[in-house]
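Chain by chain, the residues run as shown.
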Amino acid sequence: VGKKVQAIYLWWHKPVIDKELLQSLPNLKVIANSGVGMDHLDLKLVASFGVKMANAPRAVSSSTADTGMALLLASARRLVEVHNISISPSMDYCEADILGVKVAGATLGIIGMGSIGYKIALRAKAFEMNLLYHNRTRRKVQEEQAVGATYCRRIDSLLQQADFVMVVVSLTPQTHKLIGKRELELMKPTATLINISRGAVVDQEALVAALQTGVIGAAALDVTSPEPLPRDHPLLKLKNVIITPHLGIKTDKASYMITEEAVENILAALNGLPLPSEVLPS
């Protein structure tokens with residue numbers, strides 16, 4: 001049926017798009033991805049076959065922002081730890097050992113202020129947080145003022161000031177291991193790193209060392225590298241870490257909206273119209 005296939009809808013990186021598959025589909029016109037991140041695709045390879053690509057930014061931004069704030073709050077109030085205490089047979093604990101971190105008045109540094117990052121800023125404002133952000137391009141003054149965010153041209157300045165650092169960038173060669181040993185050492189020893197982008201954006205070995213030695217206080221990760229982690233990975237053994245299995249977009253409504261957005265892009269491509277969410281190779 002290869003000659004009949006004109007569109008592919010990628011759900012959770014499947015099917016794998018490689019040269020062999022592209023060669024077997026001579027009439028393929030478009031690949032629509034179920035999500036924003038496109039790091040699982042060789043964009044230049046796909047484009048070389050004359051195939052257009054689209055993602056689903058509109059559908060996923062709110063659910064992913066919710067995940068980011070959920071991780072921030074869960075880590076700050078140590079919800080996983082206290083849940084385990086609450087269901088333990090003995091309920092044996094000292095209140096001083098489960099003190100959390102106050103979110104209101106704390107400083108959140110957002111690395112990557114695209115649509116998801118900005119929605120996180122809106123949520124954080126409601127929690128009375130002070131906001132810093134670092135981005136390739138500065139937001140409009142009106143947008144900054146709407147959430148009370150201060151632009152940090154240098155990432156170092158953000159890392160040094162933030163109580164919570166949330167990473168919301170796409171994975172590219174430029175952002176691979178964006179947060180490494182040097183960046184972690186710039187953070188406060190009480191700070192929490194939250195990653196809702198891609199696992200490879202953070203140097204995991206450096207993160208493990210930083211968490212074990214008190215360079216930073218905690219981490220909350222919706223993404224790891226690989227996914228899932230090997231069962232003996234040291235990150236799984238640390239009490240100051242929360243890990244979720246890439247929940248970002250996984251809500252019932254978001255899944256439906258992602259499919260709608262993908263279909264919209266596919267129909268546009270098949271009818272020779274501009275794709276609403278086209279992604280071009282860089």
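Residues numbered from 1 in each chain as written. Predicted model: local features only at pLDDT ≥ 70, side-chain atom pairs only at ≥ 80, totals over all residues. Heavy atoms only, no water.

- The chain is annotated in an unreviewed UniProt entry as Glyoxylate reductase/hydroxypyruvate reductase of Daphoenositta chrysoptera.
- Turning to the chain, the UniProt record has this under Sequence similarities (unreviewed entry): "Belongs to the D-isomer specific 2-hydroxyacid dehydrogenase family." (UniProt positions renumbered as here; feature names shortened; annotations may be inferred.)

1. A word on the pairing of strand β5 (residues 130–134)
Part 1: For β5, a buried count of 4 out of 5 residues is recorded, marking the element as mostly surrounded by other parts of the structure.
Part 2: Here 5 bridges tie strand β4 (residues 107–111) to β5, and the two strands are oriented parallel to one another. When the bridges of β5 are listed, G109 appears paired with L132.
Part 3: In terms of strand pairing, β5 meets strand β6 (residues 149–151) through 3 bridges, oriented parallel. In the strand pairing of β6, L132 is matched with T150.
Part 4: Each parallel crossover has a hand, and for β5 linked through helix α6 (residues 141–147) to β6 it is right-handed. (Buried < 20%, exposed > 50% of the residue type's maximum accessible area, 1.4 Å probe, protein only. Helix = DSSP H or I, 4+ residues; strand = E, 2+ residues; numbered from the N terminus. Pairing = 2+ DSSP bridges. Right-handed = clockwise from strand over helix to strand, strands pointing away.)

2. Notes on the pattern of salt bridges
Part 1: For the structure on display, the rule yields 12 salt bridges.
Part 2: In this structure, the salt-bridge partner of D39 is R198, at a minimum N-O distance of 3.0 Å. Note that D39 is positioned in the loop between β2 (30–33) and α2 (43–48) and R198 in the loop between β8 (192–195) and α9 (204–213), a separation of 159 residues in sequence.
Part 3: Since its relative accessible area comes to 32%, D39 is described here as partly exposed.
Part 4: When the shortest N-O distance is used, the salt bridge between R182 and D156 registers 3.0 Å. One end of the pair, R182, is in helix α8 (residues 181–186); the other, D156, is in helix α7 (residues 155–161), and 26 residues separate them in sequence.
Part 5: Its relative accessible area of 44% is what places R182 among the partly exposed residues.
Part 6: A cluster of three or more residues bridged by salt bridges with shared partners is formed by R154, D156, R182 and E183. (Salt bridge = Lys/Arg side-chain N within 4 Å of Asp/Glu carboxyl O.)

3. So, the sheet that holds β2
Part 1: Taken in spatial order, the 3 strands of this open sheet run β1-β2-β3, and their pairing is parallel. Every other strand in the sheet has two partners, leaving β1 (7–10) and β3 (52–54) as the edge strands with one partner each. If you compare each strand with its neighbour and ignore which way they point, the axes differ by 15° on average.
Part 2: Across 3 bridges, β2 lies against β3 in parallel orientation. Residue pairing for β3: A32 is matched across the bridge by A54.
Part 3: Strand contacts of helix α10 (residues 252–270): β1, β2 and β3, with the helix running at about 160° to β1, the strand carrying the most contacts. (Axes fitted to C-alpha atoms, helices over the stretch in contact; angles between N-to-C directions. Contact = heavy atoms within 4.5 Å.)

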